[in-house]
Amino acid sequence: MKRKQRTEILIQDGGALAKELAEIVMQNYEYREMEEPHYGLTMIKMRETAKKSLFYLGEALVTEAKVEVNQSIGIGIVIGMKEELAKHLAIIDAAYRINLPETLTWQKQLEAAAEKIYQRKMKEQAEILKTKVNFETMEV
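Keep in mind that this is a model prediction, so the values were computed, not measured.

A tally of regular secondary structure across the chain gives four helices and three strands. Against the compact-globule benchmark of 14 Å for 140 residues, the chain has a radius of gyration of 19 Å, which places it well outside the compact range. Structurally, the chain occupies a C-alpha span of about 70 × 35 × 25 Å along its principal axes. Across the 140 residues in the chain, those meeting the buried criterion constitute 29%. Intrachain contacts of the chain at a sequence separation of at least 6 include 54% that bridge at least 24 residues. Carbon and sulfur atoms form 54% of the exposed surface of the chain, whose accessible area is close to 10,000 Å².

Here's what the structure looks like:
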């Protein structure tokens, strides 16, 4: 699983799985916060569909954290004011960078969380589609 996909799952899960996985690393390995979670602004880049040109939509508030685990640096960035989640993401990132043995067992948990997220989104979409109006069958 790629880093981007893993991070999206951990964020969309609400942080519970990220906390669980990060605590495993914190209990078994030494870690230190290189940068405590802090707030910053980042530019949101978008692609205009007609001309395919890039432009900046605006700024978003993010929380960033940088952690070192066994001389491996991990970075966690999340939109909003979520210090704990940013720290947990950084710890998990560092664990994957040095291929800690624990990371091998996390794949199944991440896949299960991804499936739950998918099912939740499908349920939400089904609820929204119930209200869809078919204009072709409406009488004028």
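Leftover empty space is mapped by rolling, across the atoms, a probe with the size of a water molecule. Taken as a whole, the largest pocket encloses approximately 150 Å³ of empty space. Forming the boundary of the largest pocket are Arg 3, Lys 4, Thr 7, Glu 8 and Ile 11. Its residues placed into classes, the lining of the largest pocket shows one nonpolar, one polar and three charged.

As a further point, take the pairing of strand 1 (residues 31–47). Where strand 1 and strand 2 (residues 54–69) come together, 14 bridges link them in antiparallel fashion. Following the sheet pairing, Gly 40 is matched in strand 2 by Val 62. Counted between consecutive antiparallel strands, the loop separating strand 1 from strand 2 contains six residues, among which Lys 52 sits at a positive phi close to 60°.

Bringing the packing of aromatic side chains into the picture now. Taken as a whole and judged by the stated rule, the model has one aromatic pair. Seen from their ring centres, Tyr 96 and Trp 106 are 5.7 Å apart, and the 65° between their planes marks the pair as edge-to-face. Linking Tyr 96 in helix 3 (residues 83–97) with Trp 106 in helix 4 (residues 103–129), this pair joins segments that are 10 residues apart in sequence. You'll find Tyr 96 and Trp 106 in the same group, each marked buried. If you follow Arg 6 out to its NZ or CZ, it ends over the ring of Tyr 96, 3.8 Å from the centre.

On the surface, Glu 20, Glu 23, Glu 83 and Glu 84 cluster together to form a negatively charged patch. Within the secondary structure, Glu 20 is located in helix 2 (residues 16–28). Look at Glu 20 and you get partly exposed, because its relative accessible area is 39%.

All right, on to the environment of Phe 135 then. Checked against the element boundaries, Phe 135 lands in the segment after helix 4. Sequence spacing of Phe 135 and Val 78 is 57 residues, and the spatial spacing of their C-alpha atoms is 40 Å.

Of note, the phi angle at Lys 52 is positive, near 60°, even though the residue is not glycine. Judged by its relative accessible area of 54%, Lys 52 falls in the exposed class. The residue Gln 71 is not glycine, and still its phi comes out positive at about 60°. Its place among the elements puts Gln 71 in the loop between strand 2 and strand 3 (72–79).

So, on to the side chain of Thr 63. The residue Thr 63 is located in strand 2 in this model. Classification of Thr 63 as buried rests on a relative accessible area of 0%. For Thr 63, the side chain forms a polar contact with the main-chain nitrogen of Lys 82, separated by 3.1 Å. Leave out the neighbours within four places in its chain, and Thr 63 touches Pro 37, His 38, Tyr 39, Gly 76, Ile 77, Val 78, Gly 80, Met 81, Lys 82, Glu 83 and Ala 86.

How each quantity is defined
Residues numbered from 1 in each chain as written. Predicted model: local features only at pLDDT ≥ 70, side-chain atom pairs only at ≥ 80, totals over all residues. Heavy atoms only, no water. Helix = DSSP H or I, 4+ residues; strand = E, 2+ residues; numbered from the N terminus. Rg over C-alpha atoms; globule rule 2.2 N^0.38 Å. Buried < 20%, exposed > 50% of the residue type's maximum accessible area, 1.4 Å probe, protein only. Contact = heavy atoms within 4.5 Å. Areas by Shrake-Rupley, 256 points an atom, 1.4 Å probe, with all protein chains shown as cover. 1 Å grid on protein atoms, 1.4 Å probe; cavity = no way out; pocket = protein on both sides within 12 Å on 5 of 7 lines; lining within 4 Å. Points joined across faces, edges and corners; volume = space filled by probe spheres on them. Nonpolar A, V, L, I, M, F, W, Y, C, P; charged D, E, K, R; others polar. Pairing = 2+ DSSP bridges. Phe/Tyr/Trp six-rings, centres within 6.5 Å; stacked < 30°, edge-to-face > 60°. Lys NZ or Arg CZ within 6 Å of the ring centre and 35° of its normal. Patch = residues over 30% accessible without salt bridge, like charges linked within 9 Å, V, L, I, M, F, W, Y side chains within 5 Å. Salt bridge = Lys/Arg side-chain N within 4 Å of Asp/Glu carboxyl O. Lys, Arg positive; Asp, Glu negative; His and termini not counted. Charge placed at Lys NZ, Arg CZ, Asp CG, Glu CD. Polar contact = N/O pair within 3.5 Å; in protein donor to acceptor, adjacent residues only side chain to side chain.

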